[in-house]
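Chains, contacts and geometry: an overview
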Amino acid sequence: MNKKVIVIGAGIAGLSAAIRLQKVGYDVEIFEQEVMPGGKMHQLMADGHTFDVGPTLVMMPSVYREVFELAGRDPDDYIPMTKLDPMYEVYFKDKQYRHYRISSDLVDLMEMVEKKGPENAKGFLAYLAEIYSRYQVALDHFISRPFRKRSDIYNPKMIRQALKLKTFDSADHMMASFMPDKDLQQMLSFQTLYIGVSPKKGPSLYNIIPMIELLYGVWFVKGGMHTVAEKMAELFEELGGKINYNTRVDGIVIEENKVKGVSIRDKVTEAAYVVCNADFPYAITELVKEPKARGRFTPEKVDKMDYSCSCLVFYWGVDGECEELAAHTFIISKDLDDNLERIFDGRLIEDPSIYLHIPSRVDRDMAPSGKSSFYVLVPVSELETAKYEWTEETIEHYRNSALATLQEIPGLSDLKDRITTELIFTPKDFKKHFSAYRGATFGLQPTLRQSNHWRPQAKSMECEGLYFTGSSTHPGAGVPIVIESGRICAEELRRDEPEDDFK
Ligand SMILES: Cc1cc2nc3c(=O)[nH]c(=O)nc-3n(C[C@H](O)[C@H](O)[C@H](O)COP(=O)(O)OP(=O)(O)OC[C@H]3O[C@@H](n4cnc5c(N)ncnc54)[C@H](O)[C@@H]3O)c2cc1C
């Protein structure tokens, strides 16, 4: 008989771990509280429109593809992708919006940068060269490996590598040291918000995110991001795995520091191993009930940790096919510093930055003919930090500011009157549907003190047979990064398996 593994959650990290474990011979069963796979990579449908709930920007496509390749499949049969050009457009709010088209062609991009003068152009190239070498160090020594014990990091070799990351300054400070132009600085550092941390606080290493966009492109998966989740679930089932939807796990059963299984509606399902993909801070406080098994992550400690920001997302069906617009558009607030301060200190944001995604610009099947599907995201505070409630008035405040901002963009002056369908996700919905602790959509904030060995790791050192994966664990948030988290988790479990006991 193959050894049984229970996975809590069919988010991307859980699916990544489940596929790998099923492939090497474990008997893997997933319990997911929602009605479909993907977690935050959920999908909504209304009036012929298809919307991705969470992730929309595909970066590092090779990481997505590898999941299918390792199972001997051709990824193009499951998740066909196209490279976007432009990758996106950026507007800076001012009396007259300043507009930039961010091409995926480095030749076109240099033309844009050189218009800012040779100092900025040299600075741009120097930034790319510098961050590329830090990226190689991060990949080889930090992102792709687990940290089980203190000596995994506190040893001369790792300390040498950590120093090479030079990550003590912030993302926006690093950019300012390379390029005097403020627009370029902001265009190349706001991406830390993709993982829920302010460019003012996020370590400069996270400037690898714009580098990854520039060097490897931004891609689109036919059918939208949720297709990735559907196809990973399909692959897992083809390999013999089992998924139970609509099934909420109430607790992880632990006896004498050893995992026994999970409890669902007072019934225990036993397993040799449990892989928990539910958000770590939630899981360690609510699913792990044995104080000893929580180790250093006591409820008090979890409460004191720093959490990423959250998101308010409007999903709109809009009249017209919007051919003049790109698939992704970022509109940066007139006072980005104030905007960032408010996200992280909890005040209501007067003039928020907005991200607009129109999947129907790339895939016409995602909206009815003559219409568009709009995804309008406003980065906001997580629930504990927010000094306001998510009332109808709060939503209306953000809806009005998003509309006022978007209506200045060419082609959208009458947007308000063209909205025919509306769905909304607030931070409360991210908490309710996916158990995101405090509704923080990117989990624990990836500050220096909450990264690498300081971040929760895949293997529980306090409970034998228990493993964690997902955005609040190492290496962090973002779809390719949690796919890696799933890989690390599966490898950690396999590493603990006594060879003779396998199968
Ligand atoms: C609005 C938004 C935009 C984003 N944009 C991007 C982007 O453009 N590109 C990008 O790469 N990343 C993006 N991200 C980040 C990315 O979506 C996440 O980092 C990633 O999807 C997290 O995956 P996960 O497996 O860690 O967690 P989750 O997706 O949260 O999965 C956890 C799963 O566990 C389930 N679960 C929890 N508790 C239980 C329980 N008790 N019993 C059973 N099941 C349970 C949940 O329902 C969920 O399915 C975005 C996220 C959001 C929210």
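This structure is a prediction, so every number in the text was calculated from the model and none was measured.

1. Focus: the packing of helix α2 (residues 61–69) against helix α17 (residues 479–496)
Where α2 meets α17, the axes come as close as 8 Å, and the angle between the chain directions of the two elements is 40°. Regarding the angle of α2 to α17, the classification is oblique. For the crossing formed where α2 meets α17, the hand is left-handed. Seen from α2, the contacting residues are Val63, Tyr64, Glu66 and Val67; seen from α17, they are Val479, Pro480, Ile483 and Glu484.

2. Observations regarding the nonpolar core
The tendency in soluble globular proteins is for nonpolar side chains to be buried as a group. Membership of the largest hydrophobic core comes to 143 residues, with the highest contact counts inside it found for Phe124, Tyr127, Trp316, Phe374 and Leu406. Residue assignment places this core across two domains, with domain 1 (4–37 + 224–305 + 444–501) and domain 2 (107–214) each supplying three or more. Apart from the residues lying within four places of it in its own chain, the contact partners of Leu406 are Trp316, Ile331, Ile354, Leu356, Val376, Leu412 and Leu415. Counting 30 residues, the second largest nonpolar core, distinct from the first, contains Val249, Tyr282, Val302 and Tyr437.

3. Here's the deal with the pairing of strand β2 (residues 27–31)
By the criterion of burial, β2 is predominantly enclosed, with four of the five residues buried. Relative to β2, strand β1 (residues 4–8) runs parallel, the two sharing five bridges. Looking at the pairing, Val7 lines up with Ile30 of β2. In this fold, the crossover linking β1 to β2 by way of helix α1 (residues 12–23) has right-handed handedness.

4. A word on the pairing of strand β6 (residues 88–92)
By the criterion of burial, β6 is predominantly enclosed, with five of the five residues buried. Sheet topology note: the β6/strand β7 (residues 98–102) ladder contains five bridges and is antiparallel. For Val90, the partnering residue across the bridge sits in β7 and is Tyr100. Counting the residues that bridge the hairpin from β6 to β7 gives five residues. In this structure, β6 lies alongside strand β15 (residues 328–332), joined through four bridges in parallel fashion. Counterpart to Glu89 in the pairing with β15 is Thr329.

5. Considerations on the domain arrangement of the protein
In terms of domain boundaries, the protein breaks down into domain 1 (4–37 + 224–305 + 444–501) and domain 2 (107–214). Relative placement of domain 1 and domain 2: their C-alpha centres are 30 Å apart. Across the contact, 20 residues belong to domain 1 and 17 residues belong to domain 2. In total, about 1,700 Å² of surface goes out of reach between domain 1 and domain 2, with carbon and sulfur atoms giving 60% of it. Of all residues in domain 1, Pro446, Leu448 and His453 bury the most surface against domain 2, accounting for 31% of the area lost on that side. For the pair domain 1 and domain 2, the number of links is two salt bridges. The tally of links from domain 1 across to domain 2 stands at nine residue pairs in polar contact (both at pLDDT 80 or more). In terms of residue class, the side of domain 1 that touches domain 2 is made up of seven nonpolar, seven polar and six charged.

Thresholds, definitions, all that
Residues numbered from 1 in each chain as written. Predicted model: local features only at pLDDT ≥ 70, side-chain atom pairs only at ≥ 80, totals over all residues. Heavy atoms only, no water. Axes fitted to C-alpha atoms, helices over the stretch in contact; angles between N-to-C directions. Helix = DSSP H or I, 4+ residues; strand = E, 2+ residues; numbered from the N terminus. Parallel < 35°, antiparallel > 145°, perpendicular 65-115°, else oblique. Left-handed = near helix turned anticlockwise from the far one by under 90°. Contact = heavy atoms within 4.5 Å. Core = buried A, V, L, I, M, F, W, Y, C linked by side-chain atoms within 4.5 Å. Buried < 20%, exposed > 50% of the residue type's maximum accessible area, 1.4 Å probe, protein only. Domains from an automatic or database assignment. Pairing = 2+ DSSP bridges. Right-handed = clockwise from strand over helix to strand, strands pointing away. Buried area = accessible area lost by both parts, 1.4 Å probe. Salt bridge = Lys/Arg side-chain N within 4 Å of Asp/Glu carboxyl O. Polar contact = N/O pair within 3.5 Å; in protein donor to acceptor, adjacent residues only side chain to side chain. Nonpolar A, V, L, I, M, F, W, Y, C, P; charged D, E, K, R; others polar.

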